[in-house]
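Inside the fold
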Amino acid sequence: MIASNRQHYIAAGGLALLVALAAVIGNVDSTTSFRVCFGVLLFIICVVQLKVAADLYKHRNNLLLQLFQLDSLSLFVAAGAIASIASFLFAFSEYDATCALRQPIILTSITFMGNLLIGRAWRIGSIISSTTTFASSGDEIDTLGMARLKVMNVLSKLSQLGRYVRSCGREKIGTSNSGIRRAITFADSIFVVIVLLIPQLVLQIVNLSVPGVRMGSVEILEGVGKGQYTCESRAGPYVLIVGIVLAAIPFGISLLINIKSKGIPDNFRELDKIVASMMSSFWMLLATLPTVGMIGQTQPNARAYLLAASVLSFVLPLSYNIAQTRLQNVMSTGRARGNANSKQGSSIQRQTKRTSSSSSRSGKAQDDLQLLQAAEETA
């Protein structure tokens, strides 16, 4: 409980710092100076995120970490880093290219993060839960549980379709992936993630390829902000609104399939972490977005910074709560267990020499049990 509160304080403090820096960086008179400061800040944030992704890859052989799907966590943080650095494009409203690219890159990256949350929750649920959980009758679960069951079944069908495609039709749909423990690979989960990303990809491809829809740079010729540049589309804000909705849907689905369910330990569910991240984002957006609307085009530097802060307020809490804290817990647990094991190393070696093959197998089973227990502790 104390650790959770500390994480919330750190996240809230970081977001408050972003808002406070807006008063300094956003009011820099020189556009060049602002872009330099702004770019350096976003570059540092991006490097920190990539460092977390690199650490996750570095510890890919850590069995405790593998239980929490290392590959998906690395991609999750990397997608957040892409969205973070793409926020720099808000500072270049006078170029058509930057106006056209910032929306597709940011929304696609955020949608990908949400889809990864879905893929990870579906995969761990399919692996840990028994097949009887997914075959439960409607009388045994409530309405929310039934909705979760339907979503899980749809995702399972998608993964089976992926296996059918990868096997060139040799593996039939509905004839595999059964048993008490379902064999769900990383390829299965990433196929589901990519399929769920298709609607956003199609929308953003249309956004980039159709001139009447694509964002472009427009000079303000009169009124407030005269002489400044803004990004506008002849199609209006409708494409942006649809893109935001498509980016939000995966997070709603991830909340649904992370609810408490039979057969899945609470420590493997990420509902609390996702909710905490979204609450942090909500309070931050409650401050930034109305401010953006009030300043309009009068302060382009402050506007760019606040829009970037809005993106970061969504990306950073998720990266911290989902990946960074888990990595820290696993590494600290691994070091503690490594120190404990090293103190007993010589005695274990002497005992190993005198054990039979059957006792070795029993010891291996005991180690696996301890490993699973340790993984649940680090969740």
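Please read all numbers here as calculations on a predicted model, not as lab measurements.

Cut-offs applied
- Residues numbered from 1 in each chain as written.
- Predicted model: local features only at pLDDT ≥ 70, side-chain atom pairs only at ≥ 80, totals over all residues.
- Heavy atoms only, no water.
- Helix = DSSP H or I, 4+ residues; strand = E, 2+ residues; numbered from the N terminus.
- Buried < 20%, exposed > 50% of the residue type's maximum accessible area, 1.4 Å probe, protein only.
- Contact = heavy atoms within 4.5 Å.
- Areas by Shrake-Rupley, 256 points an atom, 1.4 Å probe, with all protein chains shown as cover.
- Disulfide = S-S within 2.5 Å.
- Expected span 1.5 Å × (residues − 1).
- Bend = angle between axes of the 7 residues up to and from the residue.
- pLDDT = per-residue confidence, 0-100.
- Axes fitted to C-alpha atoms, helices over the stretch in contact; angles between N-to-C directions.
- Parallel < 35°, antiparallel > 145°, perpendicular 65-115°, else oblique.
- Nonpolar A, V, L, I, M, F, W, Y, C, P; charged D, E, K, R; others polar.
- Salt bridge = Lys/Arg side-chain N within 4 Å of Asp/Glu carboxyl O.
- Phe/Tyr/Trp six-rings, centres within 6.5 Å; stacked < 30°, edge-to-face > 60°.

So, on to the overall build of the protein chain. A tally of helices and strands in the protein chain yields 13 helices and two strands. Within the protein chain, the fraction of its 379 residues that count as buried is 44%. Considering only intrachain contacts with a sequence separation of at least 6, the fraction spanning at least 24 residues in the protein chain is 74%. Within the structure as shown, the protein chain displays about 19,500 Å² of accessible surface, and the carbon and sulfur contribution to it stands at 64%.

Before going further, it helps to examine the state of the cysteines. All told, the structure shown has one disulfide when counted by the stated rule. Each sulfur in the disulfide pair Cys99 and Cys231 lies 1.9 Å from the other. Disulfide Cys99-Cys231: the torsion about the S-S bond is -65°, which places it as left-handed. Pair noted here: Cys99 is in helix H5 (residues 96-128) and Cys231 is in strand E2 (residues 229-232), with a separation of 132 residues, a long-range link. Pair check on accessibility: Cys99 and Cys231 agree, each one buried.

Okay, the environment of Asp71 next. Within the secondary structure, Asp71 sits in helix H4 (residues 70-86). Along the chain, Asp71 and Leu56 lie 15 residues apart, while their C-alpha atoms are 8.1 Å from each other.

Below, the discussion takes up helix H8 (residues 186-209). Residues lying three or four places apart along an α-helix face the same way, a consequence of the helix completing one turn every 3.6 residues. The terminal C-alpha atoms of H8, which comprises 24 residues, lie 32 Å apart, in line with the 34 Å expected from a rise of 1.5 Å per residue. In H8, a bend of some 40° at Ile198 exceeds every other bend along the element, and Pro199, a proline, comes one to four places later. Those residues of H8 that fall on the buried side of the exposure criterion are Asp188, Ser189, Val192, Val193, Leu197, Gln200, Leu203, Gln204 and Asn207.

Turning our eyes to something else, we now look at the confidence of the model for the protein chain. Per-chain confidence: the protein chain averages 74 in pLDDT, with 65% of residues scoring 70 or above. Across residues 134-138, confidence stays below pLDDT 50; counting only partners more than four residues off in sequence or on other chains, it has nine contacts.

Look at helix H2 (residues 31-58) against H4: their axes get within 9 Å of each other, and the N-to-C directions meet at 170°. In terms of orientation, H2 lies roughly antiparallel with respect to H4. Across from Leu42, Phe43, Ile45, Cys46, Gln49, Leu50, Val52, Ala53, Leu56 and Tyr57 in H2, the residues of H4 making contact are Leu70, Leu73, Ser74, Val77, Ala78, Gly80, Ala81, Ser84 and Ile85. Its residues assigned to classes, the contact of H2 with H4 shows 15 nonpolar, four polar and no charged.

Summed over the entire model, instances satisfying the criterion amount to one salt bridge. The closest approach of N and O atoms between Asp55 and Lys51, which form a salt bridge, is 2.9 Å. Of this pair, Asp55 and Lys51 both sit in helix H2, four residues apart, which is roughly one turn of the helix. Judged by its relative accessible area of 18%, Asp55 is buried.

Here we come to the packing of aromatic side chains. Here the structure, examined in full by the defined rule, presents seven aromatic pairs. For the ring pair Phe34 and Phe38, a centre distance of 5.2 Å and an interplane angle of 15° mean the geometry is stacked. Taken together, the residues span about one helical turn, with Phe34 and Phe38 both in helix H2 at a distance of four residues. When its relative accessible area of 1% is taken as the criterion, Phe34 is described as buried. By relative accessible area, Phe38 is classed as buried at 1%. A centroid spacing of 5.0 Å and a plane angle of 85° characterise the contact between Phe251 and Phe314, whose relative ring orientation is edge-to-face. In this pair, Phe251 is assigned in helix H9 (residues 238-257) and Phe314 in helix H11 (residues 300-343), connecting sequence segments 63 residues apart. According to the relative accessible area criterion, Phe251 is buried, its value standing at 2%.

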